[in-house]
Each structure stands twice: as structure tokens, then as C-alpha cells.
Amino acid sequence: MACFFRRRIAAKLGQTLQQSEDAFIPALSAIPVFKKQQSADFKLSIGALRVSGILPSSGDIQLQTEDLATRLKQDSVVEDISTGSGMINFKVNRKLLVQKMLEPFGKQEDEKFGLNSELLNTLKRGTTLVEYSSPNIAKKFHAGHLRSTIIGNFIANLKQSLGNKVIRMNYLGDWGMQFGLLGAGFGQFGCQEKLKQNPLQHLFEVYVRVNKEAEDNEDMKQAARDFFRQLEQHESEAVSLWQQFREITVDEYQHIYKRLGIHFDIYSGESFHQDQAQEVVQQLQSQGLLKTSERETGVVDLSPAGDMSSVCTVLRSDGTSLYITRDLAAAIDRKEKYSFDEMIYVTDKSQANHFQQLFHILLALGHSWADSCHHVPFGLVRGMKTRSGEVVFLEDVLDEARARMFHNMSQSKTTKEMDDPEDTAEKVGISALIVQDFKGPLHSDYTFDWDRMLQAQGETGVFLQYTHARLCSLMRSNESIEASISDPSLLLEQTSISILQHLLRYDEVLYQSAQDLQPKHLVNFLLKLCHLVALAHRELPVKGSPRDVAQARLCLFSGACSVLANGMRILGITPVDKM
């Protein structure tokens, strides 16, 4: 695997420069593959060695590069050393590349491929709590929550695959003034019979109607405030209605999460922390951090000069808590309960200021662990519409993705017979949604495009699934041949070498993803792998080849299939084996 070669090159450098070989690991990286073009396998950044103090930071960088390259000698592992601009390139022995890269697949260690790399050993491991999805109860699951749901799931999967203990939390919006509105509105416009028939649709209709009513009706606004105060004071009638709304919603949401292949360890919510929120207010008061504004609200001064030019409101004038008050209580409670080493919040970028304030106040309260809390922001999706209309609920989007994919599959001449074509269409449609979302930087907005998203040959989730299914089909049709390699010289064609060179980058891609929590690195790596596999599928036939050549090629395809499937699972995609 990549770590074998990286370690050997680092040892060579350590010996030459009289340094620990570990110092060179971060400066060595696998070279990206270009189709049909021969290239070296690893490059060493001389700039990185200057920054780390291994080489002098003054002087001509190119002279340093040439000088070090001439001092390094070829051996049985490194067969060629060349220079570029501030780089030294290493080409490893081709037979050894074939042997070492395919070794794990022969030993049935497919799932560990790339994960026991020395590069990943430098990452901190521990308990990671990821809060994601977090829709509001008593509302249908809006497509706007899709991004938080799939991004959070990716981060949780990635952290878990890298050896962290992961706690997946869904922190429901199940408290606040909107429940005052809904409670008051249900009293006037609600119907228990309609609630049984189509629960979330009816609550949605009530919520829309009461919002409109409250725009011009002061009595309705007051009724909403009264209902929320009754909730905060635990009055049984208000709490009973609220509980009914919450249970209905969680049941409906779980159905959608199941379709997406997503699970949570904990369903929490703002309501869990209403009492603790008052304790936080008392702590702020006792530490002299709570001030009273001109409007009689409770605020915390966040201004560097302490002149109240930047404040965060934590208490309404009537003494009821706010979203941030409950978030403060929730963070403190989670640290006590789960002793996390890091906590990651996944929400849209409009909440960036909220989290800055949250972490600032936690630190002011003396919670130094707030430095291990992070917000992963994401942009908006433009143009996500179904055929039926403007208000986009996630269930409608999933239904349409499945229907469109099912139609495409039924029109394709290459579609295989399968037990449950609708289920396959569902899985492929969801992968198309995920890949379209993950291709670019998370903080960017993007425009939703049904046609581009569902193309079988584009940079899409459909292409990933199609390649995986095609590889599975190849394995099935050659079940009588063992995928193994007795002679590495059987896989020295450039097409084979390109796949192996690309697989050298897998641990680096996981490392990069762990550093910035962006799925685009893994998506683009897997799409490139699929293109290389498509080329190899044409140029390296298994059928009709001598048995030892067929075995070697099957071993290569089996390895590519395994890495593709593992990478897809980290992204939150369920691989299909027939399409």
C-alpha cells in the first residue's frame, strides 16, 4: 500500500539528511494520475522541508532541489528520481507497485485498505459528537434540511471509519415561540381527525393559517405568547398537545431517514434543556456576564471593549429562554454526559454568527473545551423543485428522484434483470442527490439540476453506481476464476498502473477530508477511479485471456470495486450490485 512506499522513500531521505524519517512523511504525496500519461508516483515538496526547518529557508529553492536529488540513490524500491519546480519525483518499481497495492485484497483485508496508513495515525482520535439534520417538529421535512442531514452523516461516517467513537445526534427544533403559534392556532383551526389522517400536512396547514392570522391580529400574537408561557411552566394541557406533535413528527421523520440509509444514536431537542437554560442564565448572572438592555431583555456583552456595542440576547423581557440559551445549556449538558473530545454542528452558513456567539459565551463561562467545538457551514440549494410545485418537501424530492431514475433504467438497453428495480432506482436516485451536493465546496450555494444529476455517464452518483454494478457483474460472471496474482509482471500495462497509482492517493484523500470535513475530495477521487476503471474494462478483458492473466486482472478489478464501495459508504451511499 501507499504507506509501504512512503515509508521507504522517507527512510532514504532520513538517511541522506540525518533526520528522523517521520519528518518527511507530511512532505511526501502521491502524484495525481493523468489518463494514458506515464508519471512518477510520489513527489517531495522542498518548500515543506524549508518550512519545517529540515532545509535552510534561505537560498535558491531549485538549487536545493537539484542538490538533494543528486544525493539520493535508486534502489530496489525506487527505480527513478527526477526533479520538477521545487519538487523531487520518485518512481517506484513497477512489479513492487503491483504486488504491494493488491496484497490487501488477496488477504481479504479490503475494508482496511488505506485506513492503517501512518498518515492517518497522526490524526487525533476520541469521541466525536456530530449534531446534524435537526428539523423543526410539527413541520413536514423540508428539502432545505437535506444538506445538513447528508453532510452530517458523511462526517459521522468518516470519523467512524478513521477510528473515532461517534455519537450521532438529531437536535430537533421542538421548542420556542413557533410552538406558541402552533398551539394557539391548533386550538382555533386544528382537527384531531385530520391530524390522524395526514398528521404533518394538517399541522403544516394550521401553521400557515395561524401565521397569516397573526400578521394583523394582536389577539392571536398574545394567544401564542400565552401558550408558549404555559409550555415553559409545564401546564399539562399545553405539554400534552406539544408531546403529541413531537411523537407524530419523529415517527414521520424516521421513515425518511430509513429511506436515506441514515440513523441517529440520540434524538434530542431544545425542550430537553428548558430548565437547564434557566441555570445557565443564573451562572451568567453570578459571573457578572448578564446585563439588562434598554428593552429589559437579558444580554451578554460580546464587544472587545466592553462597551455593549455587540451583544447577544439570552433572555426575553418576559423571562422566557431563547434558542441560544437552550444551545448553551445543551452544549454543557453534552460535555458532562458524553465527555466528547470534539463536537461538530452541521447547519447552514446563515447560522455562523450564532455559533461564534455560542462558543464565545461558553469560553467566557470558563468552559475551555469550547475550543473543540466546530461549526460546519453550508450554502443554499437553488432551484430545487418537483413537477408538482414550489414548496419542496424532502419526501417529494426522494419520490421524484426514484421515479425519474426508474424511468431512465427502464429505457436503457443495458439494464439488468433485478429482484426489486424500484428499490435499486431509489438507492441510485439518492446517490445522485448526494453526489450532486458533494462535488463542490460545502459553503457554496449550488443550482439543483435534475437532468444533469441523473446522467449515467456524467460526474454523477449514477456513474458511481453504474461502475460498481458493472464490476460486481464482472466478478459474478467469472466466479470460477480466483482473483489472485501470482506474477506482478502480468499487470504492467499503463492502464493497470494508472489505477494502482490512483489508489496510492486514497489515504491522502481521507486525511484531507478529515482535516477540512469536505466530502468533495472523496467524491472526486471516486469519480476519477470510475473513469480509470471504464478505460481498463475496455483494454483489459478478463474473458478469453489466459487463466493467470484473467486472475490478475480480476484481482485489480476486485480491488478497485472494494475501494469504490468503501468510499461510497463513507459518503452515505449504499452501493448496488445490479443496474
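What comes next concerns the included structure. This one's a predicted model, so the numbers in the text were calculated from it and none came from an experiment.

## Comments concerning unusual backbone geometry
Next, step 1: Positive phi outside glycine occurs at Ser133, with the angle close to 75°.
Next, step 2: Assignment of secondary structure puts Ser133 in the loop between strand S5 (127-131) and helix H5 (146-161).
Next, step 3: The phi angle at Leu517 is positive, at roughly 55°, despite the residue not being glycine.
Next, step 4: Mapped onto the elements, Leu517 comes out in the loop between helix H19 (506-516) and helix H20 (520-539).

## Digging into the nonpolar core
Next, step 1: In this structure, Leu44 and Phe90 are the most contacted members of the largest nonpolar core, which totals 162 residues.
Next, step 2: Sequence-distant contacts of Leu44, defined by excluding residues within four places in its chain, comprise Leu13, Ala27, Leu28, Leu49, Leu68, Gly86, Met87, Ile88 and Phe90.
Next, step 3: Counting residues in each nonpolar core, the second largest holds 30 residues, with Val281, Ala331, Ile332 and Leu362 among its members.

## Some remarks on the sheet that holds strand S6 (residues 165-172)
Strand pairs in the sheet, formed through backbone hydrogen bonds, run parallel or antiparallel to each other.
Next, step 1: Taken together, 5 strands build an open sheet; the order of strands is S7-S6-S5-S11-S12 and the sheet is parallel. Unpaired on one side and paired on the other, strand S7 (266-269) and strand S12 (373-378) mark the two borders of the sheet. For this sheet the average axis-to-axis angle between neighbouring strands, irrespective of direction, equals 25°.
Next, step 2: Of the pairings in the sheet, the one linking S5 to strand S11 (residues 342-348) comprises 4 bridges and is parallel in character. In the strand pairing of S11, Leu129 is matched with Met343.

## Some points on the packing of helix H6 (residues 177-189) against helix H8 (residues 199-216)
Next, step 1: In contact at an axis separation of 8 Å, H6 and H8 are set at 100° when each is read in the N-to-C sense. Here H6 is positioned roughly perpendicular relative to H8, judged by the angle of their axes. In this structure, H6 uses Gln178, Leu181, Leu182, Gly185, Phe186 and Phe189 to contact H8, whose residues at the interface are His202, Leu203, Val206, Tyr207, Arg209, Val210, Asn211, Glu213 and Ala214.
Next, step 2: Taken together, the residues of the contact of H6 with H8 break down into 9 nonpolar, 4 polar and 2 charged.

## So, helix H14 (residues 394-411)
Next, step 1: A rise of 1.5 Å per residue sets the reference length of H14, with its 18 residues, at 26 Å; its end C-alpha atoms lie 26 Å apart and thus fit the reference within 8%.
Next, step 2: Considered for burial, the residues of H14 that qualify are Leu394, Val397, Leu398, Glu400, Ala401, Arg404, Met405 and Met409. Viewed along the axis of H14, the buried residues span an arc of 165°, placing them on a single side of the element.
Next, step 3: Turning to H14, the residues buried within the fold contact H5, helix H10 (236-260), helix H15 (421-438), helix H16 (450-453) and helix H17 (461-477).

## Here's the deal with the side chain of Gln551
Next, step 1: Take Gln551: it is sitting in helix H21 (residues 547-571).
Next, step 2: Exposure remark for Gln551: the relative accessible area of 16% places this residue in the buried category.
Next, step 3: Apart from residues no more than four positions distant in its own chain, Gln551 is found in contact with Ile481, Glu482, Ala483 and Ser484.

## A word on a positive patch on the surface
Next, step 1: Taken together, Lys416, Arg470, Arg476, Arg538 and Lys578 make up a surface patch of like positive charges.
Next, step 2: The topology assignment puts Arg470 in helix H17.

## Focus: the sheet that holds strand S9 (residues 298-301)
Next, step 1: Pairing is antiparallel across the open sheet formed by 3 strands, whose spatial order is S8-S9-S10. If you trace the sheet from one side to the other, it starts and ends with strand S8 (290-292) and strand S10 (311-315), each paired once. Along the sheet, successive strands turn relative to each other by an average axial angle of 45°, direction set aside.
Next, step 2: Sheet analysis places S9 next to S10, joined by 4 bridges and oriented antiparallel. The partner of Val300 across the bridge, within S10, is Cys312.

Rules used in this analysis
Residues numbered from 1 in each chain as written. Predicted model: local features only at pLDDT ≥ 70, side-chain atom pairs only at ≥ 80, totals over all residues. Heavy atoms only, no water. Helix = DSSP H or I, 4+ residues; strand = E, 2+ residues; numbered from the N terminus. Core = buried A, V, L, I, M, F, W, Y, C linked by side-chain atoms within 4.5 Å. Buried < 20%, exposed > 50% of the residue type's maximum accessible area, 1.4 Å probe, protein only. Contact = heavy atoms within 4.5 Å. Pairing = 2+ DSSP bridges. Axes fitted to C-alpha atoms, helices over the stretch in contact; angles between N-to-C directions. Parallel < 35°, antiparallel > 145°, perpendicular 65-115°, else oblique. Nonpolar A, V, L, I, M, F, W, Y, C, P; charged D, E, K, R; others polar. Expected span 1.5 Å × (residues − 1). Arc of directions from axis to C-beta. Patch = residues over 30% accessible without salt bridge, like charges linked within 9 Å, V, L, I, M, F, W, Y side chains within 5 Å. Areas by Shrake-Rupley, 256 points an atom, 1.4 Å probe, with all protein chains shown as cover. Salt bridge = Lys/Arg side-chain N within 4 Å of Asp/Glu carboxyl O. Lys, Arg positive; Asp, Glu negative; His and termini not counted. Charge placed at Lys NZ, Arg CZ, Asp CG, Glu CD.

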